[in-house]
Amino acid sequence: MIAFLLSAALSAFVQEPGPSPLEPLQLLAGEEADAKAPACTADRRWCAVIDTDETREHRVLRLYDGPPDGREPVASHPIEGPTESYWKLSGVLRKEGEEAILVGADMDLTAMYSGGGGMSTYRTLVRFAPGETPQDVLTVPVGGSLTIRACFGEEDTAQRAGACHDEYDFTGALQAEGDAFPPTLIYSTTATSFPGPVSRNEDSLAKPPLEPKDLVKVVDEACTIRRVFVFDPATKAYVPDAPLPDCSAYTVP
């Protein structure tokens, strides 16, 4: 059985993601918690760092077979995202006797707007294997939290029963199953909104006035799911057993 450990993110700016099969990476002694600081497995067999390329315009995930200390990386892989995104290492997935390794990187997105704001986290797994080009094998949202202003005056406050913000929360969890490598991954999510079943695509003030009984957090069943991801050797990527729903209302600030 593969020994899978819970993830320990190097830093967090959004709602904490759910459980993960990733083995945590630890900062080397004397390093400060920064996305560009190298971090290693407990046995220092593997180390990784998120850096920039020669142009300083693109971010790169670099993998080392030990502490970097002047050595060249085993492989490098570009990681892309919006200009305002922040990347951090989330851990590795490996199995004794296997030469391939999966490295996790989390992309944090934030946005601020009048009377509200939002944050989300997407996790990408990159497969590194000897003699092969590194490749993204899975990207899924694992966290989201948004607050949208809903009152613009006393009448609005009364109509909303004092609940002057719509709130959207999303958590995602990955769990590994089986002895194969890469393993089967179980992806589970929970999405909730408050007050009641609000929507970012509708004008909340166009709805009937809220009552105290309406001021509850509810689960959005459409974005509360369970999917089984299996690694496809042909495409060298994870494939879900069913399509993922559009949950951008919870995961795109």
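The residue numbering used here restarts from 1 in each chain and proceeds along that chain's sequence as written. Given that the model is predicted, a residue must reach a pLDDT of at least 70 before its local features are reported, and side-chain atom pairs must reach 80 or more before they are shown or counted; all residues, however, enter totals for whole chains, interfaces and linings. Note that water and hydrogens are dropped before the side-chain values are worked out from all heavy atoms of the structure.

Caption draft 1: Region of interest: the overall build of the protein chain. A run of H or I in DSSP counts as a helix once it spans at least four residues, and a run of E counts as a strand once it spans at least two, with each numbered from the N terminus. Within the protein chain, the regular secondary structure consists of two helices and 14 strands. Per-residue burial for the protein chain yields a buried fraction of 45% across its 253 residues. Residue pairs at least 24 apart in sequence account for 52% of intrachain contacts in the protein chain once pairs closer than 6 positions are excluded. Any residue under 20% of the maximum accessible area for its type is buried, any over 50% is exposed, and the rest in between are partly exposed; the area is computed with a 1.4 Å probe on protein chains only. Here, two residues are considered to be in contact whenever any of their heavy atoms come within 4.5 Å of each other.

Caption draft 2: A look at the sheet that holds strand 4 (residues 59-64). When DSSP finds two or more bridges between two strands, those strands count as paired. As summarised here, the arrangement of the five strands in space is 1-2-3-4-5, forming an open sheet in which the pairing is antiparallel. At either end of the open sheet lies a strand with only one pairing partner, and these are strand 1 (26-27) and strand 5 (75-79). In terms of strand pairing, strand 2 (residues 39-40) meets strand 3 (residues 47-52) through two bridges, oriented antiparallel. Across the sheet, the residue bridging to C40 is C47, located in strand 3.

Caption draft 3: Here's a closer look at the state of the cysteines. In this description, the term disulfide denotes a pair of cysteine sulfurs within 2.5 Å. A full pass over the atoms with the stated rule returns three disulfides. Bridging C151 to C164, the disulfide has an S-S length of 2.2 Å. Residues C151 and C164 share a disulfide whose torsion about the S-S bond is about -85°; that sign makes it left-handed. Highlighted residues: C151 in the loop between strand 9 (135-149) and helix 1 (154-159) and C164 in the loop between helix 1 and strand 10 (165-177), separated in sequence by 13 residues.

Caption draft 4: Quick peek at the side chain of S204. In this fold, S204 is placed in the loop between strand 11 (184-194) and strand 12 (218-219). Residue S204 is classed as buried on the basis of its relative accessible area of 14%. Among the polar contacts listed, one links the side chain of S204 to the side chain of R160, at a separation of 3.4 Å. Polar contact is defined as a pair of N or O atoms within 3.5 Å, subject to the rule that within protein one atom must be able to donate a hydrogen and the other to accept it, and that residues adjacent in sequence are counted only when both atoms are side-chain atoms.

Caption draft 5: Main features of the confidence of the model for the protein chain. Averaged over all residues, the pLDDT of the protein chain equals 87, while 89% of them reach at least 70. The pLDDT value expresses, per residue, how confident the predictor is, ranging between 0 and 100. Every residue in residues 1-16 is under pLDDT 50, and counting partners more than four places away or in other chains gives 49 contacts.

Caption draft 6: Just the pairing of strand 6 (residues 86-93), in detail. Within strand 6, seven of the eight residues are buried, leaving the element largely enclosed by the surrounding structure. As paired elements, strand 6 and strand 7 (residues 101-113) share seven bridges and run antiparallel to each other. When the sheet's bridge partners are listed, G91 is paired in strand 7 with G104.

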